Amino acid sequence: MVSRSKSKTKAAVIKPLTKRKAWAALKAHHKKIQAINLNKLFAEDAKRGERFTVDAAGIYLNYSKNLITEKTVKLLLDLARESGVEERRDAMFRGEKINITENRAVLHIALRAPKDASIVVDGKNVVPEVHAVLNKMADFSKRVRSGTWKGHTGKRIRNVINVGIGGSDLGPVMAYEALKFYSERSMTFRFVSNVDGTDFAEAVVDLDPAETLFIISSKTFTTLETMTNAHTARDWALKGLGGDEKAVAKHFVAVSTNATEVAKFGIDTANMFGFWDWVGGRYSMDSAIGLSTMLAVGPDNFRAMLEGFHEMDEHFRTAPLESNLPVLMGLLALWYTDFFGAQTIAVLPYEQYLKRFPAYLQQLTMESNGKHVTLDGTRVNYDTGQIFWGEPGTNGQHSFYQLIHQGTRLIPCDFIAFGKTLNPLGRHHDMLVANVCAQSEALAFGKTPAQVKAEGTPD
């Protein structure tokens with residue numbers, strides 16, 4: 001059992017980022033190595049590909065093909081320590097209100113904490129509440145998946161449509177697609193977010209209202225786009241169910257905290273699933289916002305996903321910065337953005353199930369880091385966030401890789417691959433892995449003009 005309570009200590013005032021000693025050292029270091037050559041670095045260090053690696057929570061990170069040396073990593077870690085990264089991390093896990101603009105704790109980590117953990121906010125352990133909601137979600141999911149829950153006409157639910165936007169849509173969509181292999185194939189799952197009526201029209205075009213359940217995901221139940229779509233869904237369902245207002249309670253549930261508005265809509269508040277103000281929308285996919293995911297993959301698989309999140313949380317909380325996977329990736333992003341001037345980062349999953357992962361990352365990172373002032377309101381004089389984008393391989397190789405390989409821009413690339421496939425079909429996975437290895441090798445080392453000429457390429 002891990003018990004964490006609110007600390008009364010306050011973080012020390014620290015210098016602006018660009019005035020810190022480690023920043024100055026990094027700036028001088030970058031000036032010396034900005035023409036760094038990976039061919040030379042690997043030739044001089046046969047063990048480089050083994051040393052620049054981290055293995056944690058089932059993820060193996062090889063960051064040896066980055067424009068770094070051991071000194072680069074040391075200086076980046078110095079900057080992290082001088083900036084109080086460890087102290088801020090620990091304050092988050094203690095439940096301190098590190099979101100100072102809204103005076104809130106930032107505790108998405110509590111959503112995946114084991115039930116015997118203690119994470120205290122304002123003197124109250126929030127973990128029991130989290131598990132109470134999870135249990136309520138699990139009970140509801142079992143009833144719908146088994147057919148025990150019936151629609152207004154007595155038919156079982158075969159279609160689930162999640163209506164939300166932002167974090168109430170991108171996370172569930174990404175998780176559903178990522179875990180689709182484990183989903184209940186006798187059911188259809190769709191997602192509506194855009195206020196453009198086409199989004200809703202296409203989502204329901206072939207569905208029977210008598211077999212359709214809508215999940216309306218809005219914390220306040222007042223979000224313009226979500227509630228516009230929700231009322232359209234209500235009208236569509238009632239039209240197909242004879243206009244009986246009582247039908248709403250059998251075909252709509254809510255993920256919200258506004259019981260008054262939920263009841264006014266016609267949803268039984270017993271079927272309202274809540275969450276808390278210490279959950280940011282972009283981090284909420286493993287709260288009740290993930291109800292559509294649980295309905296798709298089942299409570300056991302949903303909890304297994306949460307266990308994976310928790311394993312990474314614990315790695316982030318306990319691992320030294322030198323071997324801390326999230327910290328190292330964050331520092332590399334800063335290195336490229338603020339010293340090499342890279343504007344974007346390409347996320348390239350060689351896994352079709354992760355096709356929505358880059359879109360999810362766009363909100364997760366760009367909404368989090370897209371700021372232009374510091375915590376004390378001072379305007380920054382450096383770039384604070386990267387533009388994330390990407391598509392699954394090998395599709396991307398036939399669209400935008402040309403610019404990455406031969407264009408004029410520096411574009412750091414994160415390649416994601418899996419050792420095993422969930423769908424073994426002949427040589428498909430071997431070819432996929434061969435492509436991801438070949439692409440990362442080509443981007444890291446390329447070929448010299450002499451090598452290309454030696455291959456017989458005309459001038």
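This structure is a prediction, so every number in the text was calculated from the model and none was measured.

The rules behind each value
- Residues numbered from 1 in each chain as written.
- Predicted model: local features only at pLDDT ≥ 70, side-chain atom pairs only at ≥ 80, totals over all residues.
- Heavy atoms only, no water.
- Helix = DSSP H or I, 4+ residues; strand = E, 2+ residues; numbered from the N terminus.
- Contact = heavy atoms within 4.5 Å.
- Salt bridge = Lys/Arg side-chain N within 4 Å of Asp/Glu carboxyl O.
- Buried < 20%, exposed > 50% of the residue type's maximum accessible area, 1.4 Å probe, protein only.
- Pairing = 2+ DSSP bridges.

Student: Looking at this model, I keep getting lost on the side chain of S440. Mind explaining?
Tutor: With respect to the helices and strands, the residue S440 is situated in helix α17 (residues 428-445). Those residues in contact with S440 that lie beyond four places of it in its chain are K65 and F415.

Student: What's the story with the pattern of salt bridges in this structure? I'm lost.
Tutor: As enumerated under the stated definition, the model contains 25 salt bridges in all. The partner of K155 in a salt bridge is D208, and the shortest N-O contact between them spans 3.1 Å. A residue pair is termed long-range when its members are at least 10 positions apart, and K155 in the loop between α6 (127-146) and β6 (159-163) and D208 in the loop between α8 (197-204) and β8 (212-217) qualify at 53 residues. Relative accessible area serves as the criterion here: at 25%, D208 is assigned to the partly exposed category. Here the salt bridges do not stand alone but share partners, grouping D45, R51 and E70 into one network.

Student: Which parts of the structure should I look at to understand the sheet that holds β6?
Tutor: Strand pairing in a sheet relies on backbone hydrogen bonds, with the paired strands running either antiparallel or parallel. Here five strands make up an open sheet; going across it, the order is β7-β6-β8-β9-β10 and the pairing parallel. On the outer flanks of this sheet lie β7 (188-192) and β10 (272-273), each paired with one strand and no other. Looking at chain direction, β6 and β8 are connected through five bridges and run parallel. What sits directly across from V163, in β8, is I216.

Honestly, it's all geometry; don't read function into it.
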